[in-house]
Amino acid sequence: MGSTKKMAPLAGMAAAAMVGAWAAEASADVVVGAVYPLSGGVAYDGQTKLNGAQIAVDEINAAGGVLGEPFVLEVEDGACNPAQSVSAAEKLITETNVVSILGAFCSSSSGAVMEVAEKYGIPHMTGVSTAVTLTERGNPWFFRATATTSLLAGAFGEAIMDAGVSDVAFLVVNDDWGRAVAESYGSVIEELGGSVVATEIFGRDETDLFPYVTNIKAASPDAVITAANTQNAANLTTQLRQLGVTVPIMGEGSFSSQAYLDLVGEMGEDVVGLVEYVPSIDSPENAAFVEEYVSRYDEEPTKFSAAGYWTVNIMADAIERAGSTEPEAIREALAATNYDGLTGNFQFAENGQAYNFTVYMARISDGEPEVIGSGQIPQP
Amino acid sequence: MIEILPQYLFNGVLVGANYALIALGLTVIFGLMNIANFAHGQFYMMGGFMAYVLTASLGIGYFPAIVIAVLVVAAAGVVLDRLIFFRLRAKPLISSVLVTIGLSILLENLALLLWGPKPEAIPSPFSKMPVVLGPIFASEARLFALGVTFATIAAVHVALRYTRWGKAVRATFQQPEAAALSGIDVDRLYAACFGIGAGLAALGGALLGSIFFVHPTMGGIATLKAFIVVILGGMGSFPGAIAGGLLLGISESLGTLVSSAYKDAIGFILVILILLYRPDGLFRRA
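Per chain, residues are indexed from 1 in the order of the written sequence. To label them, take the chains in the order written and letter them from A, then take the ligands in the order written and number them from 1. Per-residue local features of the predicted model are confined to residues with pLDDT of at least 70, and side-chain atom pairs are confined, for both listing and counting, to 80 or more; whole-chain, interface and lining totals are unaffected and use all residues.

1. What to know about the overall build of chain B
- Per the convention used, a helix needs a DSSP run of H or I reaching at least four residues, while a strand needs a run of E reaching at least two, with both numbered from the N terminus. Counting secondary structure elements, chain B contains 11 helices and two strands.
- Beginning at the N terminus, the succession of helices and strands in chain B can be written as α-α-α-α-β-β-α-α-α-α-α-α-α.
- Two things to know: the radius of gyration comes from C-alpha atoms, and the globule rule equals 2.2 Å times the number of residues to the power 0.38. Scaling as 2.2 N^0.38, a compact globule of 286 residues should have a C-alpha radius of gyration of about 19 Å, and chain B matches this with 19 Å.
- Considered along the principal axes of its C-alpha atoms, chain B spans approximately 60 × 50 × 35 Å.
- Burial status across chain B gives 49% buried among its 286 residues.
- Once C-beta atoms are placed from the backbone, any two residues with those atoms within 7 Å are in contact. In chain B, 76% of the contacts between residues at least 6 apart in sequence involve partners at least 24 apart. Comment: burial labels come from other C-beta atoms within 10 Å of the residue's own C-beta, placed from the backbone, where a count of 20 or more is buried, 12 or fewer is exposed, and between is partly exposed.

2. Quick look at the overall build of chain A
- In terms of helices and strands, chain A carries 12 helices and 14 strands.
- What you see for chain A is a C-alpha radius of gyration of 20 Å, in line with the 21 Å of a compact globule of 380 residues.
- Taken over the C-alpha atoms alone, chain A extends approximately 65 × 45 × 40 Å along its principal axes.
- Counting only residues that meet the buried cut, chain A has 57% of its 380 residues in that class.
- For chain A, contacts bridging at least 24 residues in sequence account for 67% of all contacts bridging at least 6.

3. Topic: the sheet that holds strand 3 (residues 101-103) of chain A
Residue and element names in this part refer to chain A.
- Strand order across the open sheet formed by five strands is 2-1-3-4-5, with parallel pairing between neighbours. Pairing within the sheet leaves two strands with one partner each, and these edge strands are strand 2 (71-77) and strand 5 (142-144). Geometrically, the sheet is characterised by an average inter-axis angle of 25° between neighbouring strands, direction not taken into account.
- In this sheet, strand 4 (residues 124-126) lies alongside strand 3 in parallel orientation, the contact comprising two bridges. If you follow I101 over to strand 4, its bridge partner there is H124. We call two strands paired when DSSP finds no fewer than two bridges between them. Lines fitted to C-alpha atoms define the axes, with helix axes restricted to the stretch in contact, and inter-axis angles between N-to-C directions lie between 0 and 180 degrees.

4. A closer look at helix 2 (residues 40-57) of chain B
All names here are of chain B.
- In this scheme, a helix's expected span is set at 1.5 Å multiplied by one less than its residue total. If you check helix 2, its first and last C-alpha atoms are 25 Å apart, about what 18 residues at 1.5 Å a residue would give, namely 26 Å.
- Most of helix 2 sits inside the fold, with 16 of its 18 residues counted as buried.
- Note on helix 2: the residue one or two positions beyond its end, G59, has a positive phi of about 70°.

5. Side note on the confidence of the model for chain B
- Across the chain, each position has a pLDDT score giving the predictor's confidence in that residue, from 0 to 100. On average, residues of chain B carry a pLDDT of 88, and 98% of them reach 70 or more.
- For this predicted complex, the interface score ipTM comes out at 0.79, while the overall pTM is 0.78.

6. Quick look at the interface of chain B and chain A
- Every contact between the two is made by 26 residues of chain B and, on the other side, 29 residues of chain A.
- If you list the elements that add at least two residues to the side of chain B that touches chain A, you get helix 1 (5-32), strand 2 (136-139) and helix 10 (238-258) of chain B.
- With five residues, helix 1 of chain B is the single largest residue contributor to the side of chain B that touches chain A.
- Any residue outside Ala, Val, Leu, Ile, Met, Phe, Trp, Tyr, Cys, Pro, Asp, Glu, Lys and Arg is labelled polar, Gly included; the first ten of those are nonpolar and the last four are charged. In the side of chain B that touches chain A, the residues fall into 14 nonpolar, eight polar and four charged.

7. Digging into the packing of helix 7 (residues 210-218) of chain A against helix 10 of chain B
- Direction vectors running N to C along helix 7 of chain A and helix 10 of chain B enclose 35°, while the axes themselves pass 9 Å from each other. When the axes of helix 7 of chain A and helix 10 of chain B are compared, the crossing they make is right-handed. Across the interface between the two elements, P211(A), Y212(A) and N215(A) from helix 7 of chain A touch E252(B), S253(B) and T256(B) from helix 10 of chain B.
- The residue inventory of the contact of helix 7 of chain A with helix 10 of chain B, partitioned by class, reads two nonpolar, three polar and one charged. Crossing handedness is read from the near helix: turned anticlockwise from the far helix by less than a right angle, it gives a left-handed crossing, and turned clockwise, a right-handed one.

8. Description of the packing of helix 3 (residues 62-83) of chain B against helix 8 (residues 186-211) of chain B
Residue and element names in this part refer to chain B.
- Close contact between helix 3 and helix 8 brings their axes to 7 Å; oriented N to C, the two are set at 145°. In this structure, helix 3 meets helix 8 at a crossing whose hand is right-handed. Contacts between helix 3 and helix 8 involve I66, A69, V70, V73, A74, A75, A76, G77, V78, L80, D81 and R82 on the former and, on the latter, Y190, A191, F194, G195, I196, G197, A198, G199, A202, L203 and A206.
- Partitioning the contact of helix 3 with helix 8 into residue classes produces 17 nonpolar, four polar and two charged.

9. Digging into the pairing of strand 2 of chain B
Residues and elements named next belong to chain B.
- Burial along strand 2 is one-sided: F137 and S139 are buried, and none of I136 and A138, which face the opposite way, are.
- Sheet topology places strand 1 (residues 130-133) next to strand 2; four bridges connect them, and they run antiparallel. Along strand 2, the bridge assignment pairs V131 with A138.
- The hairpin formed by strand 1 and strand 2 contains two residues between the paired strands, and G134 there has a positive phi angle of roughly 60°.

10. Remarks on the pairing of strand 8 (residues 223-228) of chain A
Residues and elements named next belong to chain A.
- The element strand 8 is extensively covered by neighbouring structure, given that six of its six residues are classed as buried.
- Going residue by residue along strand 8, you find A223, I225 and A227 tucked away on one face and V224, T226 and A228 tucked away on the opposite face as well.
- With five bridges connecting them, strand 6 (residues 167-173) and strand 8 associate as parallel partners. For V172, the partnering residue across the bridge sits in strand 8 and is A227.
- Across five bridges, strand 8 lies against strand 9 (residues 249-253) in parallel orientation. Across the sheet, residue I225 finds its bridge partner in strand 9, namely M250.
- Orient the strands so they point away from the viewer, and a crossover whose first-strand-to-second-strand path over the helix runs clockwise is right-handed. Following the backbone out of strand 8, through helix 8 (residues 230-242) and into the adjacent parallel strand 9, one traces a crossover that is right-handed.

11. Looking at the nonpolar core
- A set of buried residues drawn from Ala, Val, Leu, Ile, Met, Phe, Trp, Tyr and Cys, joined through C-beta atoms within 7 Å, is what defines a nonpolar core. Judged by nonpolar contacts, the single largest core of 211 residues is most densely connected at I101(A), A20(B), A23(B), A69(B) and A202(B).
- A per-element tally of this core places helix 1 of chain B first, with 15 residues.
- Not counting the four nearest positions on each side in its chain, A23(B) is found in contact with A226(B), V229(B), V230(B), A241(B), G244(B) and G245(B).

Here it is, written out as structure tokens:
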């Protein structure tokens, strides 16, 4: 089963290399840089993001490019390592002369790249990094086309309470994101009259979660809210069910991804993902995107693929409206964005945070994530 | 809380038996052969991936796959001993530390290259549904791993205590020169022991890989826990590895009753206390 999947990253890298070669030949092109993790621990996720971005680039060029010129995405590997991401961004800005920059996936890397973008006065946009602090730094060149954990908590709080939940337990991974999930959702749920009966924080490398799960079982919650990546997510789902915890499991992270579904099997039934994107969103734009993605890469797009797709589109749209590749003009056009994409309408607030788009609750039913509810990110 | 106490104890025994199994192999390699094997967790990882490849890719049954996985990694251990560790026998401990750290990086990246970073599940005939034993919830895979672990521990113990070969092993590690003089093929025995140590780690990986998942970086934490257990139990002592593993597992599990965030800290405090009062560990070298 695995051979085509294992080939996909190679094919993607080859595609990226070809795009690079093309950029070097024609200098009149509109060249945008991207720093994605294509090696290291998040290489698979980064690759799916590049796959989505590549579809957007090809669609834009098929429709005549940007400003009448071919649109080029020049990709560098940042490996989700801040130091490597910074040198990748430096290289893209100073050697390739990109007009704007996308990435760098992990919040710590994006936080480092945004300093480089500010130094050179180049617009920078992320579609994945969720650390709240990024948009609090007052960097006018930075835009975030995704929700933060606290925005997601705000959007989902009522839907969670409407599902008949009042006592929640948290089971989250021990990093900034996991702790932010426990804090943000905890305060939203307490404001709405619910209570937090247990908060368990496990290490990313831990596999046996029975001790934490036993504590959760002892607290008898109405629902378990989690934050976990693929492997932790599958482990905690299986172990909650094996210890006889039958209440709903809801989580941020990989709870709707194919890799998670493959690992967790039938134990994943009824688990609810709190996510920015699911392939089963019912709209013609999304259906076309999913069809193209599956035909190219032989697997369903991840939320990162979708983010790769919409960030490229938002950036290309801004350059087109700016009418030039002048960084300040692009920055002003980005700030005035009004883009309709896979997950609704994107606009940017003063601090560069996107709003107005839709986020989803997706429940796994017969092994497929199915949208059961949604929320809209309000204007701050 | 009291009605759920048996579950905490059972969790501790499960984790502890896992620790003991991984530590058994290291007891042979580190405790007896004096090779500080920092690649031990990577043998464990290789065992998991071998079982995965044999079942998921080659379609071999789960039980034979575990046996083959253990034999393949054990054979690799024998080859590594003849190629590398043979040359390090009279060298200071630091040489084996450096070589095995290098080996661990090599094996981890080899696995990353061969199988990619995505975690994989080993297909097994076990149901994932809970098994309820009175107040305790478990799963078939966990109970199977527990049974195999205790059977393996008993088998290794009997082999060392009561067989002619076991006597030769014990003689060699007490006094290699005298053992060689009395006709024991010491080089072959060292190679066999390294193979057994690697094979025991692989068994741990194959069993735990079917409870959880296998992925290239699963070895690091296994190495760490194995060293703690071996030192806690007493270098080279089999009963020590078993008691040390169970003690660490149960204390971590009961620690979560106090605070799950301090679970690991409680385990380490216990290790420090025991080593303060018994610097040689729980059991002295046999």
